[in-house]
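Below are the chains, spelled out letter by letter.
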Amino acid sequence: MSRILVVEDNADLAQGIAYNLQLEGYEVRVAPDGRDAIDACATWRPDLVLLDLMLPGVDGYEVLRSVRSSGAAPRTPVIILSARAEEADKVRGFKLDADQYVTKPFGVLELLERVASMLRRSAGAAGNGGNGPPAPAFGDVAIDVAKRMVLRHGAEVPLSPKAFELLLALVRRQGAVATRHELLREVWGYGVEVISRTVDTHVAELRRKLEDDPAEPAHIVTVWKVGYRLAR
């Protein structure tokens, strides 16, 4: 049974979400504020987090930053649920490695489908990368899909969860070009409404950590006005 942490200070909304999730067979815990959310991630180890941004005390952004950096939930899927609909709020959430961003009000059926989809994707990645065989090595980089580890010269390279998934998406294309919109849909689960800078930021992380010269990348190559491809 998958565990879902609902981080929401509106008690009626939190209980409504929890009730519908429980009907689907999930084990649910509610955290009414940011501090409780951070503690629950560390001790209860949820399989997915539904995170409000406007929380008393520690806000949702700080919760996300804390659990990603502390190791409490570095790879746990996080879906932000927020009344903040500005593009800047969404970009900030994605930069902190949120997996999806849902604006309130939202439909219960849509939310349940997003939850199920994220859990399927997470389970697939933990097993064997989700969409195929383990990714091969390129250059001096090796990828262990099952352990979600990237090695360079035999030493582990720490990557953010989204950067890791982006790397797999590029490797699996075997040199074919991936557009920014394709990568947004595949890695973040969003369509064209999310700005392409989200992809560019994570590509920069990959280059910084995996290329000899990030300014002149040999492997993670830009295809002008289209997107990116992986050159071996």
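Residues numbered from 1 in each chain as written. Predicted model: local features only at pLDDT ≥ 70, side-chain atom pairs only at ≥ 80, totals over all residues. Heavy atoms only, no water.

Points about the sheet that holds strand 7 (residues 149–152)
Taken in spatial order, the 3 strands make up an open sheet running 6-7-8, and their pairing is antiparallel. Bordering the open sheet on either side are strand 6 (141–144) and strand 8 (155–156), each of which pairs with just one other strand. Pairing of strand 7 with strand 8 involves 2 bridges; the strand directions are antiparallel. Counted as the bridge partner of Leu151 is Glu156 from strand 8. Against the sheet, helix 6 (residues 161–172) engages strand 6 and strand 7, with an angle of about 105° to strand 6. (Pairing = 2+ DSSP bridges. Helix = DSSP H or I, 4+ residues; strand = E, 2+ residues; numbered from the N terminus. Contact = heavy atoms within 4.5 Å. Axes fitted to C-alpha atoms, helices over the stretch in contact; angles between N-to-C directions.)

Focus: the nonpolar core
By size, the foremost hydrophobic cluster in this structure holds 50 residues, and its most contacted members are Ile143 and Leu167. For this core, the element with the most residues is helix 6, which contributes 8 residues. Grouped together as the second largest cluster of nonpolar side chains are 20 residues, Ile4, Tyr26, Leu50 and Ala116 included. (Core = buried A, V, L, I, M, F, W, Y, C linked by side-chain atoms within 4.5 Å. Buried < 20%, exposed > 50% of the residue type's maximum accessible area, 1.4 Å probe, protein only.)

Things to note about helix 2 (residues 34–43)
Listing the buried residues of helix 2 in full gives Gly34, Ala37, Ile38, Ala40 and Cys41. Looking straight down helix 2, one finds its buried side chains confined to an arc of 165°; they lie on one side. In this structure, the buried side of helix 2 is in contact with strand 1 (3–7), strand 2 (27–31), strand 3 (48–52) and helix 3 (60–70). Capping of helix 2 at its N-terminal end is provided by Asp33; its side-chain oxygen lies 3.2 Å from the backbone amide nitrogen of Arg35. (Arc of directions from axis to C-beta. Polar contact = N/O pair within 3.5 Å; in protein donor to acceptor, adjacent residues only side chain to side chain.)

Considerations on the confidence of the model for the protein chain
Counting all residues, the mean pLDDT for the protein chain is 85, and 89% of those residues have values of 70 or more. Low confidence marks residues 128–135, where pLDDT is under 50. Its contacts with residues over four positions away, or in another chain, come to 15 contacts. (pLDDT = per-residue confidence, 0-100.)

Description of unusual backbone geometry
Look at the link from Lys104 to Pro105: it is a cis peptide, with omega at -5°. Although it is not a glycine, Arg45 sits at a positive phi angle of roughly 55°. Inspection of the secondary structure assignment puts Arg45 in the loop between helix 2 and strand 3. The class for Arg45 is partly exposed, based on a relative accessible area of 48%. Notably, His153 is not glycine yet its phi reads approximately 55°, a positive angle.

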